[in-house]
Structures are given as C-alpha cells and as structure tokens.
Amino acid sequence: QVQLVESGGGLVQAGGSLRISCAASGRTFSMYRMAWFRQAPGKEREFVASIRWSSDSTYYASDSVKGRFTISRDNAKNTVYLQMNSLKPEDTAVYYCATAIRPSSYTRPSSYAYWGQGTQVTVSS
C-alpha cells in the first residue's frame, strides 16, 4: 500500500502561481511513476503531468498546461510537486496525485494504483 496526501491548494487570481505537493508514505519503493490529474465539476478526470520516480522523464498534457506547469520530485522526501504558473480560470479543479507501480499508459487514470484525496485549486478571474 502507498498513501498519498496532497497539500497546497487554494484560491489564486488569474495570472498567479501556486505550488501543490503530494507526500507519499508506505511502500514507496514500489512506485514507478507519479502523476497529477485534475477534475473540474461535471467533467471527467484528466491527465495533467507525470514523472518517473527513478529518472527525469516527464510528460505533460499537450496544449492545456505545457509551458505553464512543471512537475518535479524530491526522492528524499518522497514528495512530488506541481508548480503552476500563469494560472487561468479554466485551471480550476480538484487536483489529484496518483502513483503507478508498473509501466503503463501514463495518461489513463486506470494505470494508477493509488490516489490521494485531492486538493482544491480555484482560479478567480
């Protein structure tokens, strides 16, 4: 089992920045990939970004966040971060951290075995 706890969400004005964090505990040695997903009201959960736990390989959702969001990790702290810049009202969502324990499609929620409870990010116009 891996436990994930997100933090750092909140209310920010359009154009502002926010960094959210996800701390992992438990069987962290089994983690292969970490990812951020988000879900806005009435919409499906969508992939935002992912990072391999043992390399610098990162992937981002095309168009919507690339160039504005940066995913990073601190292996010593078992923590993954999502730095979000130039935020837009359409970035408003609950942001979820997830971890995959084996190679698979990095954009599919079904590829991830463990999920955090989510953190709310609200961007005002």
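Here's what I pulled together on the structure shown here.

**As for the environment of W53**
Point 1. With respect to the secondary-structure elements, W53 resides in the loop between β5 (46-52) and β6 (58-60).
Point 2. Accessibility expressed as a relative area gives 9% for W53, which makes it buried.
Point 3. As for W53 and I101, which are separated by 48 residues in sequence, their C-alpha atoms are 9.9 Å apart.

**Regarding the sheet that holds strand β7 (residues 69-74)**
Point 1. The 4 strands are arranged β1-β3-β8-β7 in an open sheet whose pairing can be described as antiparallel. Every other strand in the sheet has two partners, leaving β1 (2-7) and β7 as the edge strands with one partner each. Here the average twist between neighbouring strands, direction ignored, is 20°.
Point 2. With 6 bridges connecting them, strand β3 (residues 18-26) and strand β8 (residues 79-84) associate as antiparallel partners. The residue of β8 that forms the bridge with S21 is Y81.

Quick notes on the rules
- Residues numbered from 1 in each chain as written.
- Predicted model: local features only at pLDDT ≥ 70, side-chain atom pairs only at ≥ 80, totals over all residues.
- Heavy atoms only, no water.
- Helix = DSSP H or I, 4+ residues; strand = E, 2+ residues; numbered from the N terminus.
- Buried < 20%, exposed > 50% of the residue type's maximum accessible area, 1.4 Å probe, protein only.
- Pairing = 2+ DSSP bridges.
- Axes fitted to C-alpha atoms, helices over the stretch in contact; angles between N-to-C directions.

Note that all results are geometric; they support no functional claim without further evidence.
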